[in-house]
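Report on the structure
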Protein chains: 4
Amino acid sequence: MKNSISIPQRVEWGDCDPAGIVFYPNFFAYFDRATWALFLLAGLSLEAMRQEYGAVGVPVVDAQATFSVPCRFQDTLTLTATISAWGRTSFTLTHEIHNGEALAVTGREVRIWGLPHPTVEGRLKAGAIPADVIARFQG
Amino acid sequence: MKNSISIPQRVEWGDCDPAGIVFYPNFFAYFDRATWALFLLAGLSLEAMRQEYGAVGVPVVDAQATFSVPCRFQDTLTLTATISAWGRTSFTLTHEIHNGEALAVTGREVRIWGLPHPTVEGRLKAGAIPADVIARFQG
Amino acid sequence: MKNSISIPQRVEWGDCDPAGIVFYPNFFAYFDRATWALFLLAGLSLEAMRQEYGAVGVPVVDAQATFSVPCRFQDTLTLTATISAWGRTSFTLTHEIHNGEALAVTGREVRIWGLPHPTVEGRLKAGAIPADVIARFQG
Amino acid sequence: MKNSISIPQRVEWGDCDPAGIVFYPNFFAYFDRATWALFLLAGLSLEAMRQEYGAVGVPVVDAQATFSVPCRFQDTLTLTATISAWGRTSFTLTHEIHNGEALAVTGREVRIWGLPHPTVEGRLKAGAIPADVIARFQG
């Protein structure tokens, strides 16, 4: 499926907290990493997004995660990101993180298609997702 | 209310991403900071939790956030954490982050009362929350 | 002295590693935080730097730190940043971090005065530091 | 050479700051990642270090870096870590980070061989590095 990617993630020393497990906000950084990897796979580097579509990012408007199995330093995880729904200006990714065979984390990101704000420099606003972008993740 | 705390948070350079806004996982780090500040206010440093109750942490099992208003470098935020529900071994915190007057982020953490695992060193398991702990946040 | 600032820093849970001490790269994030606080004290928010001087940042070109005393979760540190030398396009900050009475970390940052690159959008280059900027930290 | 390793590192969105370049403390996190990868290559996972030598980590006592070439989101870096000197209780790593062909960052870490503190639980102290450990990185 072109709407999904799985990539490995070694748990780094600095990702973990004094309890010896991944500091939970870092799982969201893993989600973010998997999302960008999925976009790269679809040919959408940030540079390509800018040049071909004028988009400047895909900011997150909602995120959630459930943590079931601890992940520790030097564990090798598998990050799986899947685009599960397309809206007009937003889309939803579901995330799974496996630690070996165990499903350790499940979650969700809702992101918008970010265009430059028409009047305020350095700001962005949600825009309609081009059909051509959606097509890259289908079929 | 003893079950709630509000603390200031300046947005740091390293908290922000190339879009110039807070990298969203860092809002969960802000949540974590506010939760520990609330526990400190109740007299529960990690050291006190260990010595008085044998607890070794309050790991997060579920987290969610909705991001409504961008937060930028050098913005001064107000982090508000409130314990909104107590279960037998878990409890729920609601989080609000204001950017000036604007409610920028709302969210939730579910945490467990973490006791040392009875047989595996360095691991923990959920335990019953002492009534005395709950009482510290009431009245 | 207007060329120096000291600010408190509570050690957060997510700042620490499985050894229970601050993950050493985070001390450099503390340095960065203290540097920006010093600039703010001198009236140089990033916004002011942009509007008054056309500068877009003060990127680090060299950094060093020596770690002498462990810093742990919930320790209250004092971050001290001092501008110790001005060059034509660069300047040096010395950093000290005290943990209670103990001098825990000493270090150094060399930063440049960052102007927008004349031809490449989104890039920057070192520029001459305005005398007026230096004067803000003197006397 | 068994005393050196090179690994790839994609620059992630959350590694970068509002200037669009890697937030400099994150280069030290890259150093740390490369150091642990070198130890893993030598058969020294943290677990192996604990079980075979009673060591609990290799904490950094000094670190330095020089930043020459900007590194941006989605750049693919090569991290090279080399153990360049062995002392009785400490050792030195030199680090290089290439961005494509360009040498972007050079640096150094001095680390100690960390043994559990004999009397204070949860603390560590420097110990003599076993000859067998050094031999793993030679020949």
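Residue positions are given per chain, counting from 1 as you read along its sequence in written order. Think of it this way: whatever chain is written first is A, whatever ligand is written first is 1, and the rest follow in order. Given that this is a predicted model, residues contribute local features only at a pLDDT of at least 70 and side-chain atom pairs are listed and counted only at 80 or more, while totals for whole chains, interfaces and linings are drawn from all residues. In computing side-chain properties, one takes all heavy atoms of the structure into account and sets aside hydrogens as well as water.

Notes on the interface of chain B and chain A
Note on interface size: it is often stated as the accessible area lost on association of the parts. Heads up, the rule is: Every residue pair with non-hydrogen atoms within 4.5 Å of one another is taken to be in contact. By definition, the buried area sums, over both parts, the 1.4 Å-probe accessible area that each loses when the two are put together. By convention in these notes, a salt bridge is any Lys or Arg side-chain nitrogen within 4 Å of a carboxyl oxygen on Asp or Glu. Definition of a polar contact: a pair of N or O atoms within 3.5 Å, with one able to donate and the other able to accept a hydrogen when the atoms are protein atoms, and with sequence-neighbouring residues admitted only if both atoms are side-chain atoms. Comment: elements are numbered from the N terminus, with helices defined as DSSP H or I runs of at least four residues and strands as E runs of at least two. For this scheme, ten residues count as nonpolar: Ala, Val, Leu, Ile, Met, Phe, Trp, Tyr, Cys and Pro. Four count as charged, namely Asp, Glu, Lys and Arg, and the remainder, Gly too, count as polar. By the convention used here, strands pair only if DSSP detects at least 2 bridges between them.
Facing the 22 residues of chain B at the interface are 22 residues of chain A. With both sides pooled, the region where chain B packs onto chain A buries about 1800 Å², and carbon together with sulfur makes up 55% of that total. Among the residues of chain B in contact with chain A, B:Tyr24, B:Phe67 and B:Arg72 are the three that bury the most area, contributing 27% of the side total. If you look at where chain B meets chain A, you find zero salt bridges. Linking chain B to chain A there are twelve residue pairs in polar contact (both at pLDDT 80 or more). No other element matches strand E2 (residues 60-67) of chain B, which puts eight residues into the side of chain B that touches chain A. Considered class by class, the residues forming the side of chain B that touches chain A number twelve nonpolar, three polar and seven charged. Alignment of strand E2 (residues 60-67) of chain A against E2(B), held across five bridges, turns out to be antiparallel. When the bridges of E2(B) are listed, A:Thr66 appears paired with B:Asp62.

What about the relation of the copies chain B and chain A?
What connects the two chain copies is a rotation about an axis and a shift along it. Put simply, the rule reads: Residues below a pLDDT of 70 in either copy are left out; the C-alpha atoms of the rest, at least 70 in both, set the least-squares superposition of the copies.
Once chain B has been moved 0.0 Å along the axis and rotated by 180°, it coincides with chain A to within an RMSD of 0.0 Å. The transformation just described matches what one would write down for a two-fold rotation axis. Measuring from the rotation axis to each C-alpha of chain B, the shortest distance belongs to B:Gln64, at 2.1 Å. Most of the interface of chain B is mirrored in chain A, where 100% of its interface residues are also at the interface.

Describing the interface of chain C and chain B
Contacts between chain C and chain B engage twelve residues on the former and twelve residues on the latter. When the area that chain C buries against chain B is broken down by residue, the three leading residues are C:Trp13, C:Trp36 and C:Gln74, summing to 39%. Inspection of the region where chain C meets chain B yields two salt bridges. Close ionic contact of C:Arg33 with B:Glu12 constitutes a salt bridge, the shortest N to O distance being 3.1 Å. The interface formed by chain C and chain B holds four residue pairs in polar contact (both at pLDDT 80 or more) in total. Looking at side-chain class alone, the side of chain C that touches chain B contains five nonpolar, three polar and four charged residues.

A look at the pattern of salt bridges
Should their charged atoms come close, side chains of opposite charge can pair. All names here are of chain A. What counts, and what does not: Under the scheme applied here, a residue whose accessible area is under 20% of the maximum for its type counts as buried, over 50% as exposed, and between as partly exposed, the area being computed with a 1.4 Å probe on protein chains only.
Evaluation of the coordinates by the stated rule reveals 20 salt bridges over all chains. As a salt-bridge pair, Arg 111 and Glu 109 come within 2.9 Å of each other at their nearest N and O atoms. The class for Glu 109 is buried, based on a relative accessible area of 0%.

A few points about helix H1 (residues 25-41) of chain D
Rules: Here the expected length of a helix is defined as 1.5 Å per residue gap, with one fewer gap than residues.
For H1(D), with 17 residues, the first-to-last C-alpha span of 25 Å sits near the 24 Å given by 1.5 Å per residue. Where burial is concerned, most of H1(D) is hidden: 13 out of the 17 residues are buried.

Re the environment of B:Phe67
With respect to the helices and strands, the residue B:Phe67 is situated in strand E2. Each C-alpha atom, one on B:Phe67 and one on B:Phe28, is 11 Å from the other, the two residues being 39 residues apart in sequence. Beyond its immediate sequence surroundings of up to four residues, B:Phe67 is in contact with A:Val60, A:Val61, A:Asp62, A:Ala63, B:Tyr24, B:Phe27, B:Phe28, B:Ala104 and B:Val105.

Description of unusual backbone geometry
Phi is mostly negative for residues that are not glycine, and the peptide bonds are mostly trans. Notably, A:Gln74 is not glycine yet its phi reads approximately 75°, a positive angle. Examined against the element boundaries, A:Gln74 turns out to sit in the loop between E2 and strand E3 (76-86).

Observations concerning the relation of the copies chain C and chain B
Its rotation angle being 180°, the transformation that places chain C on chain B also includes 0.0 Å of axial translation and leaves an RMSD of 0.0 Å. Looking at chain C, 100% of its interface residues are interface residues in chain B too, so the copies touch through the same face.

Digging into the sheet that holds strand E5 (residues 102-112) of chain B
Short version of the rule: What counts as an axis is a line fitted to C-alpha atoms, over the stretch in contact for a helix, and the angles between N-to-C directions run from 0 to 180 degrees.
Pairing in this open sheet of ten strands is antiparallel, and the strands run E1(A)-E3(A)-E4(A)-E5(A)-E2(A)-E2(B)-E5(B)-E4(B)-E3(B)-E1(B) from one edge to the other. Of all strands in the sheet, those bounded by a partner on one side alone are strand E1 (4-10) of chain A together with strand E1 (4-10) of chain B. The mean inter-strand angle of the sheet, taken between neighbouring strand axes irrespective of direction, is 15°.

Remarks on the sheet that holds strand E5 (residues 102-112) of chain C
What the ten strands build is an open sheet, ordered E1(C)-E3(C)-E4(C)-E5(C)-E2(C)-E2(D)-E5(D)-E4(D)-E3(D)-E1(D); its pairing is antiparallel. Two strands lie at the open edges of the sheet, namely strand E1 (4-10) of chain C together with strand E1 (4-10) of chain D, each paired on one side alone. Each strand of the sheet is rotated relative to its neighbour by a mean of 15°, with strand direction disregarded. Strand direction decides the pairing type here: E1(C) and strand E3 (residues 76-86) of chain C, joined by seven bridges, are antiparallel. Pairing of C:Pro8 across the sheet is with C:Thr78, part of E3(C).

Some remarks on the packing of aromatic side chains
Defined as follows: When the centres of two rings from Phe, Tyr and Trp lie within 6.5 Å, Trp using its six-membered ring, the rings pair. Their planes under 30 degrees apart give stacked, over 60 give edge-to-face, and anything left gives tilted.
Under the definition given, this model contains 66 aromatic pairs over all chains. Plain terms: the ring middles of A:Phe28 and B:Phe28 are 4.0 Å apart, the flat faces sit at 0° to each other, and that makes the pair stacked. Highlighted residues: A:Phe28 in helix H1 (residues 25-41) and B:Phe28 in helix H1 (residues 25-41), drawn from two different chains. Across this residue pair, the class does not change: A:Phe28 and B:Phe28 are buried.

A short note on the packing of helix H1 (residues 25-41) of chain C against H1(D)
Basically, it comes down to this: Angles are sorted into four bins: roughly parallel if under 35 degrees, roughly antiparallel if over 145, roughly perpendicular if 65 to 115, and oblique for all others.
Remark: H1(C) packs on H1(D), axes separated minimally by 8 Å, with the N-to-C direction vectors making an angle of 175°. Considering their axes alone, H1(C) and H1(D) lie roughly antiparallel with respect to each other. Together, C:Pro25, C:Phe28 and C:Ala29 of H1(C) and D:Pro25, D:Phe28 and D:Ala29 of H1(D) make up the contact between the two elements. Its residues placed into classes, the contact of H1(C) with H1(D) shows six nonpolar, no polar and no charged.

Let's talk about the nonpolar core
Our working definition: Joining through side-chain atoms within 4.5 Å is the link that ties buried Ala, Val, Leu, Ile, Met, Phe, Trp, Tyr and Cys residues into a set, and such a set is a nonpolar core.
The biggest cluster of nonpolar side chains holds 176 residues, and the ones touching the most others in it are A:Phe28, B:Phe28, C:Phe28 and D:Phe28. Ignoring anything within four residues of it in the chain, the contact list for B:Phe28 reads A:Tyr24, A:Pro25, A:Phe28, A:Ala63, B:Ala63, B:Gln64, B:Ala65, B:Phe67 and B:Glu109.

Spatial relationships are all this shows, so hold off on functional conclusions.
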